[in-house]
Amino acid sequence: MRQFLRTYWLRLPMALLVAVYLKFLLVPTAVVFYELHHLTGLDAIYWGYSIFKVMGYYFGNWGFQTVACVGVAILIAIPWRRIYRLIKPGTVN
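Described below are features of the structure shown in this document. (Residues numbered from 1 in each chain as written. Predicted model: local features only at pLDDT ≥ 70, side-chain atom pairs only at ≥ 80, totals over all residues. Heavy atoms only, no water.)

With that settled, consider a nonpolar patch on the surface. Together, L75, W80, I83, Y84, L86 and I87 give the surface a local cluster of nonpolar side chains, amounting to about 660 Å² of exposed area. Sorting elements by how many residues they give to the nonpolar patch places helix α6 (residues 80-87) first, with five residues. By the secondary structure assignment, I87 is in helix α6. On the basis of relative accessibility, which here comes to 63%, the residue I87 falls in the exposed class. (Patch = residues over 30% accessible without salt bridge, like charges linked within 9 Å, V, L, I, M, F, W, Y side chains within 5 Å. Areas by Shrake-Rupley, 256 points an atom, 1.4 Å probe, with all protein chains shown as cover. Salt bridge = Lys/Arg side-chain N within 4 Å of Asp/Glu carboxyl O. Helix = DSSP H or I, 4+ residues; strand = E, 2+ residues; numbered from the N terminus. Buried < 20%, exposed > 50% of the residue type's maximum accessible area, 1.4 Å probe, protein only.)

As structure tokens, this is what we get:
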């Protein structure tokens, strides 16, 4: 277990950060894009605001939001390439 944590120590915090971002920070990101649009006047930044606003609204109202966040965190946290090498026939670890 220690070897696993030593090798993959960055995966767990990164998975947690992505899950928290998806759960709580999509709409605040839209607000940042909105304010940045007003500061710069660039229309491309307004598109970023629109995208994050829509994603935040629909993802926030989706019934499986928490399940999706946990699923994404698990997909990031698990070292899939290492597992694939372990189960792939004909390879030596």
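And the narrative resumes.
Attention now moves to the packing of aromatic side chains. A full pass over the atoms with the stated rule returns six aromatic pairs. Relative to Y49, the ring of Y34 has its centre 4.9 Å away and its plane inclined at 50 degrees; by these criteria the two rings are tilted. One end of the pair, Y34, is in helix α3 (residues 26-40); the other, Y49, is in helix α4 (residues 43-61), and 15 residues separate them in sequence. Y34 sits in the partly exposed class, given a relative accessible area of 32%. The class of Y49 is buried, set by a relative accessible area of 16%. Here Y46 and Y49 contribute two aromatic rings whose centre-to-centre distance is 5.2 Å and whose plane-to-plane angle is 50 degrees, an arrangement assigned as tilted. Of the two residues, Y46 and Y49 both sit in helix α4, three residues apart, roughly one turn of that helix. The exposure class of Y46 is partly exposed, given its relative accessible area of 37%. (Phe/Tyr/Trp six-rings, centres within 6.5 Å; stacked < 30°, edge-to-face > 60°.)

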